[in-house]
Amino acid sequence: MKLLELRGITKRFAHTVALDNVDFDLLKGEVHALLGENGAGKTTLVSIISGVYQPDSGQILLEGKPVTLKSPRDAYRRGIVLVPQHPALPESLTVYEALALFLDKSPSRKLKTFIEERLRKFGIEVDLDKRISLLTPYEKVKVEIAKALVADAKIYIFDEATSLLGHGDRELLYKIIRTLCAEGRGVIYITHRIDEVFNIADRVTVLRKGRKVLTRRINEVTREELLEAMFGKKLEEYAGPRSASTHGEGLAVENLTVQDDYGRLAVRNVTLSVKYGEIVTILAAPGAGHREFLEAIVGLRKPVSGRVKVNGIDVTGRDPSFIRRMGVAYIPDDRLGLGVAPGLAVKWNLVMRDLDKFTTKVGTFHKFLNDALVKVLEKVGLAPDVLPVPCAELSGGQIQRIITARELFLREVKVIVALNPFYGLDYETTSLLRKTLIDLRNSGCAILVATEDIEEAVKLGDRILVMREGKILKEFSGSTVSARELAKVLTL
Ligand SMILES: Nc1ncnc2c1ncn2[C@@H]1O[C@H](COP(=O)(O)OP(=O)(O)OP(=O)(O)O)[C@@H](O)[C@H]1O
Ligand SMILES: [Mg+2]
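Every residue gets a number counted from 1 within its own chain, in the order that chain's sequence is written. Following the order in which they are written, the chains are lettered starting with A and the ligands numbered starting with 1. Local features in a predicted model are, by the rule used here, given only for residues with pLDDT of at least 70; side-chain atom pairs are given and counted only at 80 or more, and totals for whole chains, interfaces and linings are based on all residues.

Looking now at the site of ligand 1. As a matter of local geometry, ligand 1 sits amid 21 residues, with Phe13, Asn38, Thr43, Ser395 and Gly397 nearest to it. Boundaries of every domain are those given by an automatic assignment or by a domain database. Of the domains in this structure, domain 1 (2-231) and domain 2 (247-491) are the two that each give at least three residues to the shell around ligand 1. Think of it this way: take the backbone, place a C-beta atom on it, and check whether that atom is within 6 Å of the molecule or strand, in which case the residue is near it.

Here it is in structure tokens:
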């Protein structure tokens, strides 16, 4: 039986036709995956299904009956819940209060017990008494998942829920999804990880530039066909050679100890160095301390003890703008928090960190600015017409490209520090960013990337360090280690 059917859905925004006459359906007990490059219209489609946006034209049917979904609350009452691409939780509440608010119930002992039991059933661990404002982006994703699961819905939608989750959490989510389907519910699953689709989906639909290009049963389609449907061309995956030559220490960290937001030790006495001409990847499960480690390096967090040196100069405890001026770039994974000012146009987001460089003495922009920005956008695969668009109106992957462009191409960088830089990028852009980082390494940059993605850690790292509980557990050479070997160490 069809739980959901969309007929001829069209949605226009000021600058784009996000969906053009799209048909889509979801059966009882199935996982229907939604694929497509950054900006293809995936989030817009599930926003319409979950009542966030109204379509300009087209019909929505729930269990055969035409409906209008007036708001997310309306969709929720009809049994549709969404785990959004970017967590949107009330920052001043505790996790428990936020869940109660979502369920439209006043907090009570009974409700808390109900929530605890529900989460235990699915094996989701979240601290109900923590304040949302203190959660990391990873923890917020988990709370969004918990929020969806406490609801007794018919349709569960996951918009890139696994892009910030580690290996273990992903396996747990697959198990949860199988349980939901066995209970006769339906799941819409958005991801950029194609292997995931083959792992859990029953059917797959590909969107390209707002149009539906393919819907197939998963056993009737190949990985290559999906890639071609998504990008409209055959893709070669970029796999660059390992580092040829290194010189001098770009970044040196000595005995660094760092606390997390709760005053617990997140990083314990870590020492490492990254040479110019070298990429070091730190592979870690979420919460292993790599976030705090990188934040302490770039000045966003004061270390308890230890030293950080950039190009031989001690920068321990200095503020982020000082460290930035030393030629250090930082790519965070907290897109809408640390990454961009969502309400401002792309142009402002690109220049805001280096205004002095782009303005004349009397405060007007240099004439060369627009040309420079157009060139920079081209390097991350974006057209110049995004310059006046506020970042809030871009897709998740497009925002990640703006951050990358600003941090890597608008000034001279010598040391690059990146946290989950591939998060939310589509297959082609992931390959492009990998190439970019390798080119920058070859031109002499020292690069430190922390990632929860085993494949990316192996493809990129000249050396790979595995971090657990705030310590470096093991070091591997990128040219000899395999993804399988690393997965073992990570899950030991
Ligand atoms: N609120 C909005 N206002 C204006 N334009 C928007 C808005 N939301 C999305 N768009 C535009 O619609 C298009 C589709 O965006 P959407 O977020 O649906 O893409 P996506 O497939 O989810 O991409 P990603 O993989 O990067 O998340 C993009 O060109 C985007 O700029
Ligand atoms: Mg999206």
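Past the structure itself, the notes keep going.
Split into domains, the protein comes out as domain 1 (2-231) and domain 2 (247-491). The straight-line distance from the C-alpha centre of domain 1 to that of domain 2 is 29 Å. With 24 residues of domain 1 in contact, the opposing surface of domain 2 contributes 28 residues. By the criteria applied, helices consist of DSSP H or I runs no shorter than four residues and strands consist of E runs no shorter than two, each listed in order from the N terminus. When residues of the side of domain 1 that touches domain 2 are traced back to their parent elements, those giving at least two are helix H5 (137-150), helix H6 (167-182) and helix H8 (223-231). When residues in the side of domain 1 that touches domain 2 are grouped by element, the largest group, three residues, is from H6. Note on residue classes: Ala, Val, Leu, Ile, Met, Phe, Trp, Tyr, Cys and Pro are nonpolar, Asp, Glu, Lys and Arg are charged, and everything else, Gly too, is polar. Here the residues of the side of domain 1 that touches domain 2 are counted per class, giving nine nonpolar, twelve polar and three charged. With C-beta atoms placed from the backbone, a contact is any residue pair whose C-beta atoms sit within 7 Å.

Once that is clear, we can look at the packing of helix H15 (residues 396-409) against helix H16 (residues 427-442). Axes here mean lines fitted to C-alpha atoms, for a helix over just the part in contact, with angles spanning 0 to 180 degrees between N-to-C directions. Where H15 meets H16, the closest approach of the two axes is 12 Å, and the angle between their N-to-C directions is 10°. On the basis of the axis angle, H15 is roughly parallel to H16. From H15, Gly397, Arg401, Thr404 and Leu408 reach across to H16, where they touch Thr429, Leu433, Thr436 and Leu440. In the contact of H15 with H16, the residues fall into three nonpolar, four polar and one charged. When an angle is under 35 degrees it counts as roughly parallel; over 145 it counts as roughly antiparallel; between 65 and 115 it counts as roughly perpendicular; any other value is oblique.

Let's shift gears to the packing of helix H4 (residues 109-122) against H5. Direction vectors running N to C along H4 and H5 enclose 105°, while the axes themselves pass 10 Å from each other. By the angle class used here, H4 and H5 are roughly perpendicular. Of H5, the residues touching H4 (which contributes Ile115, Arg118, Leu119 and Phe122) are Ala146, Leu149 and Val150. Residue classes in the contact of H4 with H5 are distributed as six nonpolar, no polar and one charged.

Time to look at the environment of serine 395. For serine 395, the location among the structural elements is in the loop between helix H14 (369-379) and H15. Judged by the 22 C-beta atoms lying within 10 Å of it, serine 395 is buried. Here the alpha-carbon distance between serine 395 and leucine 425, two residues 30 residues apart in the chain, equals 10 Å. For serine 395, the contacting residues outside a window of four places in its chain are Asn38, Gly39 and Thr43. Partly exposed residues are those whose C-beta has more than 12 but fewer than 20 other C-beta atoms within 10 Å; with 20 or more the residue is buried, with 12 or fewer it is exposed, and the C-beta atoms are placed from the backbone.

Pairing between strands is defined by DSSP: at least two bridges between them are needed. Spatial ordering of the open sheet is given by S2-S1-S4-S5, a layout of four strands whose pairing is antiparallel. Strands with a single pairing partner mark the edges of an open sheet, and in this sheet they are strand S2 (17-27) and strand S5 (65-67). If you compare each strand with its neighbour and ignore which way they point, the axes differ by 25° on average. Strand direction decides the pairing type here: strand S4 (residues 57-62) and S5, joined by three bridges, are antiparallel. Its bridge partner lying in S5, leucine 61 is registered against proline 66. Against the sheet, helix H1 (residues 42-49) contacts strand S1 (2-12) and S2, and its axis sits at roughly 60° relative to S2.

Further remarks concern H8. In an α-helix there are 3.6 residues to a turn, and that puts residues three or four apart on one side. Regarding H8, the residues found buried are Leu226, Ala229 and Met230. Looking straight down H8, one finds that the buried residues subtend no more than 100° of arc, so they occupy a single side. On its buried face, H8 is in contact with strand S3 (31-35), helix H7 (194-200), strand S9 (203-208) and strand S10 (211-217). Immediately downstream of H8, the backbone of glycine 232 shows phi near 70°, a positive value. Within this analysis, the arc is defined by the directions that extend from the helix axis to the C-beta atoms.

Let's shift gears to the nonpolar core. Remark: nonpolar core denotes a set of buried Ala, Val, Leu, Ile, Met, Phe, Trp, Tyr and Cys residues whose joining runs through C-beta atoms within 7 Å. Core analysis: the biggest nonpolar cluster contains 137 residues, and Ile157, Ile416, Val417 and Ile447 have the highest contact counts within it. With eight residues, H5 is the single largest residue contributor to this core. Setting aside anything within four residues of it in sequence, one finds isoleucine 157 in contact with Val46, Ile49, Ser50, Val81, Leu82, Val83 and Ile188.

Bringing the pairing of strand S19 (residues 463-468) into the picture now. Taking burial as the measure, the six residues of S19 include five buried ones, the bulk of the element. Relative to S19, strand S13 (residues 278-284) runs parallel, the two being bridged by five bridges. Within S19, the position partnered with valine 280 by the bridge is arginine 463. Two successive antiparallel strands, S19 and strand S20 (residues 471-477), enclose a turn made up of two residues, where glutamate 469 displays a positive phi of approximately 45°.

A separate point is the environment of leucine 419. Along the chain, leucine 419 turns up in strand S17 (residues 415-419). For leucine 419, a count of 24 C-beta atoms within 10 Å translates into the label buried. Apart from residues lying up to four places away in sequence, leucine 419 is in contact with Arg291, Leu294, Ile331, Pro332, Asp333 and Ala450.

Here we take up unusual backbone geometry. One non-glycine residue, glutamate 63, adopts positive backbone phi at about 45°. Tracing the backbone shows glutamate 63 in the loop between S4 and S5. The phi torsion at asparagine 255 lies on the positive side, around 45°, for a residue other than glycine. C-beta crowding within 10 Å serves as the criterion here: with 12 such atoms nearby, asparagine 255 is assigned to the exposed category.

Strands sit in the order S16-S17-S18-S13-S19-S20 across an open sheet of six strands; the sheet is mixed. Because the sheet does not close on itself, it has two edges, and the strands there are strand S16 (328-331) and S20. The sheet shows a mean angle of 15° between the axes of neighbouring strands, direction not considered. In this structure, S17 lies alongside strand S18 (residues 446-451), joined through five bridges in parallel fashion. Residue alanine 418 lies in a different strand from S18, and its bridge partner there is valine 449. Packed on one face of the sheet, helix H9 (residues 290-297) meets S13, S17, S18 and S19 and runs near 150° to S17. Across the sheet, H15 touches S16 and S17, and the angle it forms with S16 is around 170°.

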